[in-house]
Amino acid sequence: MSLSKEGEKFILDLNAYLVASGKNEEEIKEFIEQAEDHLELGEKEGKTVEDIFGCSPMEYAKSIEKELSFDKKSILSIGLLVLFFIFTWTFLNNLSKTVPSYSLLEAVGIPIIFLLSISLVIYSFRKFAFDDQKLKVISLSVFIFQVLAFIVIGLISKDMPKVIILTDSLIKILVLLLLFISILVGIKSKSLIYTLLPFIMNLTGILNHTTSLHLNDESSLAFTILGILIFIVDTKFRTKEVNK
């Protein structure tokens, strides 16, 4: 499939919008393939994206959204996966403590922050799927919100009584269980690297609580940076594959 940069961007943005709208995955795939063929033929005739799909990509996307069915099963599956990975990130990140524990504020507040952040990202893709600049601004804003919220919760809950205290035996069981599920999900969704990122970035805490090793803060920073680099490289690779 040979499309112009403008055409490729339109297809990617349209796909992101439909996915964020909760439409049936198979119907989205079928429609996108048809749209690509239609776009390629039009571009061969010298037409632009606006000539083929109209001057407002968002209006066109909304019209297509009405034609595709809403996939409740898919939305439920995604929702459960989101909750699973929120728990995974929260649990593994807490392993940086000598004795992993949670105050009531941390146990309730951290998942709420993740849910709010994810909701904002989904809303952004629906509202600004065809406006890269606004998407970048909102993504940065969500990141800053998360960091500030975590700092505030950490400061407030510092001297609060802990309602959940984890033993090393329980930690080992939970780590193995979460790792097993993450690998299965990663293989099925063809996103194994993404599902393993929480384990890579929190490897210091995992090893300190599940082995006889005692790694320091420098190793924690190194694994965090490694995880970020892996994410950036893999994202760029996936983007190139899509654009081929």
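Per the secondary structure count, the protein includes eleven helices and two strands. Counted from the first residue to the last, the protein has its helices and strands arranged as α-α-α-α-α-β-α-α-β-α-α-α-α. With the C-alpha coordinates of the protein rotated into their principal frame, the extents come out at 65 × 30 × 30 Å. For the protein, the proportion of its 244 residues judged to be buried stands at 34%. Restricting to contacts in the protein with at least 6 residues of sequence separation, those with at least 24 account for 75%. Counting only carbon and sulfur atoms, one obtains 67% of the accessible surface of the protein, whose full area is about 15300 Å². In the protein, 24 positive and 28 negative side-chain charges are present, and the distance between their average locations comes to 5 Å.

Attention now goes to the nonpolar core. Core analysis: the biggest nonpolar cluster contains 20 residues, and Phe10, Leu14, Leu18, Phe31 and Phe53 have the highest contact counts within it. Going through the elements one at a time, helix H1 (5–20), helix H2 (25–44), helix H3 (49–53) and helix H4 (57–67) are the ones with two or more residues in this core. Here Leu14 is in contact with Phe31, Ile32, Tyr60, Ala61 and Phe130, once residues within four sequence places are set aside. Membership of the second largest hydrophobic core comes to 14 residues, among which are Leu166, Val175, Val185 and Phe199.

Moving on, we get to the environment of Tyr102. With respect to the helices and strands, Tyr102 occurs in strand S1 (residues 101–103). Looking at Tyr102, the relative accessible area reads 8%, which means it is buried. A C-alpha to C-alpha distance of 52 Å links Tyr102 and Phe53, two positions 49 residues apart in sequence. Filtering out sequence-adjacent residues up to four positions away, Tyr102 remains in contact with Thr90, Phe91, Asn94, Ala107, Lys162, Val163, Ile164 and Leu166.

Bringing the packing of aromatic side chains into the picture now. Scanning the model with the defined rule gives four aromatic pairs in all. Where Phe84 meets Phe85, the ring centres are 4.9 Å apart and the plane angle is 75°; that geometry is what we call edge-to-face. Overall, Phe84 belongs to the buried group, its relative accessible area being 15%. An angle of 5° between the planes, with centres 6.1 Å apart, marks the rings of Phe87 and Phe91 as stacked. Separated by four residues within a single helix, Phe87 and Phe91 lie in helix H5 (residues 72–93), roughly one turn from each other.

Given a rise of 1.5 Å per residue, 24 residues ought to cover 34 Å, and the 34 Å separating the end C-alpha atoms of helix H6 (residues 104–127) matches this to within 8%. Those residues of H6 that fall on the buried side of the exposure criterion are Glu106, Gly109, Ile110, Ile113, Phe114, Ser117 and Ser124.

To describe two helices that pack against each other, one gives the angle between their axes and the distance between the axes. Contact geometry for H1 and H2: axes closest at 11 Å, N-to-C directions at 160°. Judged by the inter-axis angle, H1 sits roughly antiparallel to H2. For the crossing formed where H1 meets H2, the hand is right-handed. Residues Gly7, Ile11, Leu14, Asn15, Leu18 and Val19 of H1 touch H2, and the partners they reach there are Ile28, Phe31, Ile32, Ala35, Glu36, Leu39 and Glu43. Looking at the contact of H1 with H2 residue by residue, the classes come out as nine nonpolar, two polar and two charged.

Attention now goes to the side chain of Ser157. Secondary-structure assignment places Ser157 in helix H7 (residues 132–157). In this structure the side chain of Ser157 is engaged in a polar contact, spanning 3.5 Å, whose partner is the side chain of Glu106. Separated by 2.6 Å, the side chain of Ser157 and the backbone oxygen of Ile153 make a polar contact. Excluding residues that lie within four positions of it along the chain, Ser157 makes contacts with Ser103, Leu105, Glu106 and Lys162.

Turning to H1, a few remarks are in order. The end-to-end C-alpha distance of H1, which contains 16 residues, comes to 22 Å, matching closely the 22 Å that a straight helix rising 1.5 Å per residue would cover. Inspection of H1 places Gly7, Glu8, Phe10, Ile11, Asp13, Leu14, Tyr17, Leu18 and Ala20 among the buried residues, and these make up the whole buried set. Once H1 ends, the next one or two residues include Gly22, with phi positive near 80°.

What counts, and at which threshold
Going along each chain's sequence as written, the residues are numbered from 1 onward. Predicted model: local features are reported for residues with pLDDT of at least 70 only, side-chain atom pairs are reported and counted for 80 or more only, and whole-chain, interface and lining totals are derived from all residues. Excluding hydrogens and water, the side-chain values take into account all heavy atoms of the structure. Helix and strand definitions here come from DSSP, where helices need a minimum of 4 consecutive H or I residues and strands a minimum of 2 consecutive E residues; each element is numbered from the N-terminal end. A simple rule labels every residue: compare its accessible area, found with a 1.4 Å probe on the protein chains alone, to the largest value its type can have, and call it buried under 20%, exposed over 50%, or partly exposed in between. Whether two residues touch is decided by their heavy atoms; if any such pair falls within 4.5 Å, the residues are in contact. For the accessible areas, the method is Shrake-Rupley and the probe is 1.4 Å, while residue cover comes only from the protein chains on display. When charges are counted, Lys and Arg contribute as positive and Asp and Glu as negative, whereas His and the chain ends are disregarded. Here the site of a charge means atom NZ of a Lys, CZ of an Arg, CG of an Asp or CD of a Glu. Residues belong to one nonpolar core when they are buried, are Ala, Val, Leu, Ile, Met, Phe, Trp, Tyr or Cys, and are joined through side-chain atoms within 4.5 Å. In this analysis, rings of Phe, Tyr and Trp, with Trp reduced to its six-membered ring, are considered paired at centre separations within 6.5 Å, and the interplanar angle assigns stacked below 30 degrees, edge-to-face beyond 60, and tilted for intermediate values. A helix is expected to span 1.5 Å for every residue after the first. Interaxial angle, 0 to 180 degrees, is taken between N-to-C directions of lines fitted to C-alpha atoms, where a helix line uses only the stretch in contact. For classification, angles of less than 35 degrees are called roughly parallel, those exceeding 145 degrees roughly antiparallel, those between 65 and 115 degrees roughly perpendicular, and all remaining angles oblique. The sense of a crossing depends on the near helix, which, turned anticlockwise from the far helix by less than a right angle, makes the crossing left-handed and, turned clockwise, makes it right-handed. Note on residue classes: Ala, Val, Leu, Ile, Met, Phe, Trp, Tyr, Cys and Pro are nonpolar, Asp, Glu, Lys and Arg are charged, and everything else, Gly too, is polar. Polar contacts, as counted here, are pairs of nitrogen or oxygen atoms within 3.5 Å of one another; within protein the pair requires one atom able to donate a hydrogen and one able to accept it, and residues that are adjacent in sequence qualify only if both atoms are side-chain atoms.

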